[in-house]
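# Examining the three-dimensional arrangement
If you want the building blocks of each chain, they are given just below.
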Amino acid sequence: MTSRIPRDSRLRLVRPRPLAAAPRAVNQRRSRRPAPRPPEGTPAPAELARMARIGLAGAVRVARWADAALGPGSDAATADGKATLSEATAERAAAALGLSAAQIRADWDTARLAGLVEVHGDSARPGWRLRAWDRDDSAVLRGWVALFDAWSLACPEPAGHEAAGVAEVVSAMPQVLSFLQLSAGPVPVDQLLDLLQQRVTELRTARCEVPYEPAAAGPAEPAATAPAGAAVAGATVLAEDPAGAGEASLAPLLDWALQALASVGALTYGDGQATLTPLGSWAVWVKLEQICVAAQSPAGNIEQSAEDMLRGCAQLRPNAARAEYRAWLAARPVGSAVTELLAAARGEDALLRGLAFEALRVVGAPAEPDVRAVVEEPALRPYALLWLAEHDGVDPEDAHEVLTREEATWLWVDTAAAVSDHGETAMLVRHLEAAVQPTVPALLDEVRAVGHPRTVQVLVALAAAHPDPALAKAVRRAAFQVHTGG
């Protein structure tokens, strides 16, 4: 009598596929919303790209010089490991290009912010946008938008101001830029200062940072008869400095913000007024449109925290999810958005971990320093290495090759945990195809050794889902051994 249980064929996995190819839950229909048209008078994309090329000509020149002079094996490009151009390198570039060292440093910083040059350790290499600069208008516009998003890094902030006050101004500037875009012409700086003051007051009121001041002596008006909006108006009055010191403290910060935006080519600033350039108007319109898309989307994630936004995007198709990420990012400063996404990735939900790094792919170059800083965190390391590999130009299908066998196994378990928590049982069975090990016994041996905190739960779920009794029994035995410390 022969055994009814196959001994080998079902215990052998199919050819390994890249980890990025793990199946995802899909139950969202594609959006039928037509592509929006920019406001009348907006230049064509080719003309906008031409403007961007003119504005970034100095940065491109320095980036191409760095490509030729600072490649692997050449002298160090930076002095402190933080992408600051060293004195010797700045002098070399100035002599070669016929510019001052100060201009070289300014163009170098612009090139980094626009993604034209990437610094790794003490060497520099060109970004992918530089390679496509002359032939791809979309790459040029994406590079300029990356510089526009990093406007607060383009000029040093004025001394003598607390970091919290600077952060408030950076958070409030999207509203100021939206007002400039809707005005479609010059706007007096005094009007912008008033708008900035109102927005900062709203931010402080939302955080309940309203100083208490006793009301003047006199009969109190009954709450039931108070006019609508009196509480909000009273909070605004309390938050403002009666002597006008609030506006006085914001005036130099507004001046700094307008100068920084002017330096990246987003607006013109002078004679007591500011006007968006065609590039700046187009960029603000794009971000406003992204916000409108998110507000009209089924998930409506624009006001949510990073964690809730990622949960709302979990069931969307990849393209729809990326649109949500772009809109969510457009509504907040890049630095705080990246910090919030990484905080969500550090949580216990493995699905949010993967989605957070998908959102960081939408962020692009501005997120690189923060992603590089979490490489040593075990829970984030495989995701960060894959992100950095793709950012450096590695094909996503081949990016998994940067992982060691142990890191790939850890990522397999983490992805399996996400599938187990949020997917169907059939998806968990198909997830075996993403393992790098050729056989199930080899996979189980390495899964037991990798030390993932969800190993037992993943193996138990896999054993319950798999239709092969022999494989399920082997997986249950492995789960018991991990649980008992064997």
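Placed above this text is the structure.
Everything in this summary refers to the structure shown in the same document. Sequence order as written defines residue numbering, which begins from 1 separately in each chain. For this predicted model, a pLDDT threshold of at least 70 governs which residues receive local features, and a threshold of 80 or more governs which side-chain atom pairs are given and counted, while totals over whole chains, interfaces and linings are taken from all residues. Side-chain measures here rest on the full set of heavy atoms in the structure, leaving out hydrogens and waters.

### Some thoughts on the packing of aromatic side chains
Which entries qualify depends on this criterion: Centres within 6.5 Å are what make two rings of Phe, Tyr or Trp a pair, Trp counting through its six-membered ring; a difference in plane orientation under 30 degrees is then read as stacked, over 60 as edge-to-face, and the rest as tilted. Working definition: helices are DSSP H or I runs of at least four residues, strands are E runs of at least two. Numbering for both runs from the N terminus. Working definition: with a 1.4 Å probe on protein chains only, accessible area under 20% of the residue-type maximum means buried, over 50% means exposed, and in between means partly exposed.
Scanning the entire structure with this criterion turns up 3 aromatic pairs. Each ring, one from Trp144 and one from Phe148, has its centre 5.5 Å from the other, and the planes form 10 degrees; the classification is stacked. Note that Trp144 and Phe148 are positioned in helix α6 (residues 137-149) at a spacing of 4 residues, about one turn of the helix. Residue classification places Phe148 among the buried residues on the basis of a relative accessible area of 4%. Aromatic pair Phe357 and Tyr383: ring centres 5.6 Å apart, planes at 20 degrees, arrangement stacked. You can see Phe357 sitting in helix α16 (residues 350-363) and its partner Tyr383 sitting in helix α18 (residues 381-391), a full 26 residues away along the chain. When sorted by exposure, Phe357 lands in the same class as Tyr383, which is buried.

### Focus: the sheet that holds strand β3 (residues 187-188)
Condition: Any two strands with at least two DSSP bridges between them are considered paired.
Spatially, 3 strands are ordered β3-β5-β4 in an open sheet, and the strand pairing comes out antiparallel. The outermost strands of the open sheet, each flanked by one partner alone, are β3 and β4 (267-270). As defined by bridge partners, β3 adjoins strand β5 (residues 273-276) across 2 bridges and the pair is classed as antiparallel. Opposite Val187, over in β5, you have Ala274 as the bridge partner.

### Here we look at the packing of helix α13 (residues 306-313) against α16
Pairs of packed helices are described in terms of their axes, by the angle between the two and the distance that separates them. What counts is decided by this rule: Each axis is a line fitted through C-alpha atoms, and for a helix only the stretch in contact is used; angles between axes span 0 to 180 degrees, taken between their N-to-C directions. Convention used here: angles under 35 degrees read as roughly parallel, angles over 145 as roughly antiparallel, angles from 65 to 115 as roughly perpendicular, and any remaining angle as oblique. Whether two residues touch is decided by their heavy atoms; if any such pair falls within 4.5 Å, the residues are in contact. The classification used treats Ala, Val, Leu, Ile, Met, Phe, Trp, Tyr, Cys and Pro as nonpolar, Asp, Glu, Lys and Arg as charged, and all other residues, Gly among them, as polar.
Direction vectors running N to C along α13 and α16 enclose 95 degrees, while the axes themselves pass 10 Å from each other. Viewed along their axes, α13 and α16 adopt a mutual orientation that is roughly perpendicular. Along its contact with α13, which presents Glu307, Leu310 and Arg311, the element α16 presents Leu352, Leu355, Ala356 and Ala359. Of the residues belonging to the contact of α13 with α16, the class tally is 5 nonpolar, no polar and 2 charged.

### Focus: the pattern of salt bridges
Applied cut-off: Only one rule defines a salt bridge in this text: a Lys or Arg side-chain nitrogen within 4 Å of an Asp or Glu carboxyl oxygen.
Within this structure, the stated rule accounts for 18 salt bridges. The salt bridge partner of Arg53 is Asp137, with a shortest N-O separation of 3.0 Å. Taken as a pair, Arg53 in helix α1 (residues 45-55) and Asp137 in helix α6 lie far apart in primary sequence, 84 residues in all. Its relative accessible area of 28% is what places Asp137 among the partly exposed residues. With a closest N to O distance of 3.0 Å, Asp134 and Arg64 form a salt bridge. With Asp134 in the loop between α5 (128-131) and α6 and Arg64 in helix α2 (residues 57-69), this residue pair connects regions lying 70 residues apart in the sequence. Salt bridges sharing partners connect three or more residues here, namely Glu307, Arg311 and Asp349.

### Quick notes on the nonpolar core
Keep this limit in mind: Within this scheme, the nonpolar core is defined by two criteria: the residues are buried Ala, Val, Leu, Ile, Met, Phe, Trp, Tyr or Cys, and they are joined through side-chain atoms within 4.5 Å.
Trp108, Leu116, Trp144, Trp151 and Met173 are the most contacted members of the largest nonpolar core, which totals 68 residues. When sequence neighbours within four positions are dropped, the list of residues in contact with Trp144 reads Ala52, Leu56, Val264, Gly265, Ala266, Leu279, Gly280 and Ala283. Among the nonpolar cores identified, the runner-up in size contains 60 residues, and Met309, Leu388, Trp412 and Val440 belong to it.

### Comments concerning the packing of α13 against helix α15 (residues 334-345)
Where we set the bar: A clockwise turn of the near helix away from the far one marks a right-handed crossing, whereas an anticlockwise turn of less than a right angle marks a left-handed crossing.
Contact geometry for α13 and α15: axes closest at 8 Å, N-to-C directions at 70 degrees. By the criterion of interaxial angle, the relationship of α13 to α15 is roughly perpendicular. Between α13 and α15 lies a crossing whose hand is right-handed. The residues of α15 that touch α13, namely those facing Ala306, Glu307, Met309 and Leu310, are Glu340, Leu341 and Ala344.

### As for the environment of Ala132
When you line up the elements, Ala132 lands in the loop between α5 and α6. With relative accessibility at 6%, the residue Ala132 sits in the buried group. Each C-alpha atom of the pair Ala132 and Leu116 lies 10.0 Å from the other, and the pair is 16 residues apart in sequence.

### Quick look at unusual backbone geometry
Of note, Ala184 is a non-glycine position whose phi angle comes to about 55 degrees, a positive value. The class for Ala184 is exposed, based on a relative accessible area of 69%. Within the chain, Asp271 stands out as a residue other than glycine whose phi angle is a positive 55 degrees. Mapping Asp271 onto the fold places it in the loop between β4 and β5.

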